[in-house]
Amino acid sequence: LAKTTQPISMDSYEGQEVNITCSHNNIATNDYITWYQQFPSQGPRFIIQGYKTKVTNEVASLFIPADRKSSTLSLPRVSLSDTAVYYCCSLNDYKLSFGAGTTVTVRA
Amino acid sequence: DTAVSQTPKYLVTQMGNDKSIKCEQNLGHDTMYWYKQDSKKFLKIMFSYNNKELIINETVPNRFSPKSPDKAHLNLHINSLELGDSAVYFCASSQPMTTEAFFGQGTRLTVV
């Protein structure tokens, strides 16, 4: 199962784009990469998933290069309400494993 | 309508006691999980069940015993509680082998 590494924290300002990169050097062929968001006192919430290349939804974009050893979550034009912990996760069969999380703080 | 609900939300108890946390999901999912989140926000999977059967047990002490009476419920019973068991416990559910899991609000367990 892929071990993921991501920055502990990132600061940003309203309206900026935030990019969080996660390393997963030993990702297995059948592992999917997914990202979750967690606000204080709440459970994690699914944001986006991908296997390879680029995926975009109404919340974020996910870039996974061809070698799949890393992935980048891109949050466009963040607002104060995007302040949260963002987790890079991998799924192998029935095991959804979470990384250590990146605390993103958005300032006015 | 809460998709994944856990009770209680807060639980304060003394060392050595036995306690249970209940979890119910109304999403029709076959797979359910228990996670433990410590004070440093690490989320560690404890158990994974699929269709009421235990699939994953991540070397959790046998003081922790999950029980799934049906696909919509996965309860967690903890015997002989220890100080190190203090954490937030999350229940989640998903379709089998999919990345989109739905989490409950968590149960903050404090052992004193």
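Residues numbered from 1 in each chain as written. Chains lettered and ligands numbered in written order. Predicted model: local features only at pLDDT ≥ 70, side-chain atom pairs only at ≥ 80, totals over all residues. Heavy atoms only, no water.

Novice: Can you help me understand the nonpolar core in this one?
Specialist: The nonpolar side chains of soluble globular proteins are, as a tendency, buried together. Membership of the largest hydrophobic core comes to 20 residues, with the highest contact counts inside it found for B:Trp34, B:Met46, B:Phe47, B:Phe64, B:Leu76, B:Tyr89 and B:Leu109. At the level of elements, strand E3 (19-25), strand E4 (31-37), strand E5 (43-50), strand E8 (73-78), strand E9 (87-94) and strand E11 (107-111) of chain B are the ones that each hand at least two residues to this core. With sequence-adjacent residues up to four places away left out, B:Leu109 is seen in contact with B:Leu11, B:Thr13, B:Ile78, B:Leu81, B:Asp85, B:Ser86, B:Ala87 and B:Tyr89. A:Cys22, A:Ile33, A:Leu62 and A:Tyr86 belong to the second largest nonpolar core, which has 19 residues in total. (Core = buried A, V, L, I, M, F, W, Y, C linked by side-chain atoms within 4.5 Å. Buried < 20%, exposed > 50% of the residue type's maximum accessible area, 1.4 Å probe, protein only. Helix = DSSP H or I, 4+ residues; strand = E, 2+ residues; numbered from the N terminus. Contact = heavy atoms within 4.5 Å.)

Novice: Sorry if this is basic, but what is going on with the environment of B:Lys40 here?
Specialist: Here B:Lys40 is to be found in the loop between E4 and E5. Expressed as a C-alpha distance, the spacing of B:Lys40 and B:Phe90, which sit 50 residues apart in the sequence, is 15 Å.

Novice: Can you help me understand the interface of chain A and chain B in this one?
Specialist: Much of the literature gives interface size as the accessible area that the parts lose upon coming together. In this assembly, 18 residues from chain A lie in contact with 23 residues from chain B. When chain A packs against chain B, the two sides together hide about 1900 Å² of surface, and 61% of this comes from carbon and sulfur. Among the residues of chain A in contact with chain B, A:Tyr94, A:Lys95 and A:Leu96 are the three that bury the most area, contributing 35% of the side total. Counting across the interface, chain A meets chain B through one salt bridge. A:Lys95 is the partner of B:Glu58 in a salt bridge, and the nearest nitrogen-oxygen pair spans 2.9 Å. Counting across the interface, chain A meets chain B through eight residue pairs in polar contact (both at pLDDT 80 or more). Counting only elements with at least two residues in the side of chain A that touches chain B, the list comes to strand E3 (32-38), strand E4 (45-50), strand E8 (84-92) and strand E9 (95-98) of chain A. If one sorts the elements of the side of chain A that touches chain B by residue count, E3(A) sits on top with four residues. When its residues are assigned to classes, the side of chain A that touches chain B shows 10 nonpolar, six polar and two charged. (Buried area = accessible area lost by both parts, 1.4 Å probe. Salt bridge = Lys/Arg side-chain N within 4 Å of Asp/Glu carboxyl O. Polar contact = N/O pair within 3.5 Å; in protein donor to acceptor, adjacent residues only side chain to side chain. Nonpolar A, V, L, I, M, F, W, Y, C, P; charged D, E, K, R; others polar.)

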